[in-house]
Amino acid sequence: MTLRNQVLIWIAFLVVLVLMLWLFRGVLLPFVIGAALAYLLNPLVNQLQRWHFSRGWATAVVLLSVITIFVGMFFLFVPMVGQQLIELIQRLPRLVSDLQSLVTEWSPSFYEWLGPERAAQFQTSINDLTRQVLGFIATLPAELVNIGYTGAAVIGLTVLTPVVAFYLLLDWEGMVRGLQGLLPRDHKTEINGILGDIDKSMAGVIRGQGGVLLIDAVFYATALSLVGLNFGLAVGLISGLLSFVPFMGFAFGFSLSIGIALVQFWPNYWMVVAVAGIFLGWQFIEGNILYPKLVGSSININPVWLMFALLAFGALFGFVGLLLAVPLAAIVGVLVRYGVSKYKGSSLYQGYGGEAVDTTQPDAGNDVLRAP
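What comes next concerns the included structure. (Residues numbered from 1 in each chain as written. Predicted model: local features only at pLDDT ≥ 70, side-chain atom pairs only at ≥ 80, totals over all residues. Heavy atoms only, no water.)

Looking at the overall build of the protein
Applicable threshold: Numbered from the N terminus, helices here are DSSP runs of H or I no shorter than four residues, and strands are runs of E no shorter than two. Each residue gets one of three labels from its accessible area relative to the maximum for its type: buried under 20%, exposed over 50%, partly exposed in between, using a 1.4 Å probe on protein chains only. A contact between two residues is defined here by any heavy atoms of the two lying within 4.5 Å.
Secondary structure assignment for the protein yields 15 helices and zero strands. In the protein, buried positions account for 30% of the 372 residues. In the protein, of all internal contacts separated by at least 6 residues, the share reaching a separation of at least 24 is 67%.

Here it is in structure tokens:
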């Protein structure tokens, strides 16, 4: 089979896959979460197998342990977080109004420096922004109710997800063998290398980045609660869980926490500085210690492309698209890097009289240059 036909086949396969995801996007959520959970827990099941557990018992023990932990955390934290979240939504209009009053109180000299005309324009902009924020807050409860109705499948989700994860874990080795049996024999080694890179990238996304996300949520919630910030537990958890979008968790948590701290603590500006220090200090630790250790270079995706993937997949597939965006972006990144390496090893790139060069050899290009 020619290279052109192979490329066409893989493109057709990709198009069919995207079309299937789009067609079944409404029922994919429990399967996506179940598959991610199975991928995450498979190393633990393998470890129990090495301790002479059968695959079935190992799967049952690991999955029941995880479900027990999740249920315990749900009953322990969700009522408290839900109460804080409801109070925060109710208090947000008053918070915005208090912040506007503080700005007005602090800014006589600023308005004087702007001059009457610019000061009026600035005040109009602030008022417009305030109205937009208050309008969003007014519609937020109704949107949450709508999410609850359209997500009436939550019960189905909580039932289906563990079942999907159980059967995927139980037959994980069989699925891997089946996939290996379908690989073209002539390219099996090369494809296995690509699949190994994809596995490494997926581990960075699901295990590494998932670990960073959970650590962020725990730290922000604990630190903000300890400094006595109102709604600190809810703000911290939401900030941590939003960290899967680059800079989104930090930006959301920092801006909202500083706004609450200004209203709550002013004129004790040291408390405002402490709240800001929590986010700025942890951002430094995450970027220089946590992320390199837990994720490293396995994802290797520019944050701009990652944000584009989140927006694009979110627009195409809704909430399921947001869950799939980062893993699929990681897979596409691996395939693009592989394609670039093949292109650089081809005669199209090398241009040495149509002679292809193996770029894996350090001196391959020099050998061609030395050729008569």
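So, a nonpolar patch on the surface
The condition that has to hold: Candidate patch residues must exceed 30% relative accessible area and have no salt bridge, after which like charges are joined if within 9 Å and Val, Leu, Ile, Met, Phe, Trp or Tyr side chains if within 5 Å. Here the open area of atoms and residues is found with the Shrake-Rupley method and a 1.4 Å probe, where only the protein chains shown may cover a residue. One speaks of a salt bridge when a side-chain nitrogen belonging to Lys or Arg is within 4 Å of a carboxyl oxygen belonging to Asp or Glu.
A surface patch of nonpolar side chains, amounting to about 750 Å² of accessible area, comprises Val16, Leu19, Met20, Trp22, Leu23, Phe24, Val27 and Leu316. Counting residues per element, the nonpolar patch draws most heavily on helix α1 (residues 3–23), which supplies five residues. Following the sequence through the fold, Val27 ends up in the loop between α1 and α2 (29–50).

Describing the packing of helix α8 (residues 188–226) against helix α9 (residues 232–241)
The test is simple: For helices, the fitted axis covers only the stretch in contact; all axes are lines through C-alpha atoms, and the angles between them, taken along N-to-C directions, range from 0 to 180 degrees. Any angle between 65 and 115 degrees counts as roughly perpendicular, while under 35 counts as roughly parallel, over 145 as roughly antiparallel, and the rest as oblique. Handedness of each helix crossing follows the sense of rotation of the near helix against the far helix: counterclockwise by less than a right angle gives left-handed, clockwise gives right-handed. All amino acids are sorted into three groups, where Ala, Val, Leu, Ile, Met, Phe, Trp, Tyr, Cys and Pro are nonpolar, Asp, Glu, Lys and Arg are charged, and the leftover types, Gly among them, are polar.
Contact geometry of α8 with α9 gives a least axis separation of 7 Å together with a crossing angle of 160 degrees. Regarding the angle of α8 to α9, the classification is roughly antiparallel. Both α8 and α9 take part in a crossing whose hand is right-handed. For the pair α8 and α9, the contacting residues are Leu213, Asp216, Ala217, Tyr220, Ala221, Leu224 and Ser225 in the first and Gly232, Leu233, Val235, Gly236, Leu237, Ser239, Gly240 and Leu241 in the second. By residue class, the composition of the contact of α8 with α9 is nine nonpolar, five polar and one charged.

As for the side chain of Asp216
We count it as follows: Each polar contact in these results corresponds to two N or O atoms within 3.5 Å; when the atoms are within protein, one needs to be able to donate a hydrogen and the other to accept it, and residues that are neighboring in sequence are counted only if both atoms are side-chain atoms.
Inspection of the secondary structure puts Asp216 in helix α8. A distance of 2.7 Å separates polar atoms of two side chains, one belonging to Asp216 and the other to Trp282. Discounting residues that sit within four places of it in the chain, Asp216 has contacts with Gly240, Ser243, Trp282, Glu286 and Leu290.

Examining helix α12 (residues 303–317)
Note the cut-off: By definition here, a helix of n residues has an expected span of 1.5 Å times n minus one. Our arc is simply the arc of the directions from the helix axis toward the C-beta atoms.
For α12, built from 15 residues, the straight-helix expectation of 21 Å at 1.5 Å per residue is met to within 8% by its first-to-last C-alpha distance of 21 Å. The set of residues buried in α12 consists of Leu306, Ala309, Leu310 and Phe317. The buried residues of α12 occupy an angular sector of 100 degrees when projected down its axis, which confines them to one face. Away from the buried face of α12 by more than 90 degrees, exposed residues Val304, Phe308, Leu311 and Ala315 are located. Positive backbone phi, approximately 70 degrees, marks Gly318, located one or two places after α12.

Just geometry here; none of it tells us what the structure is for.
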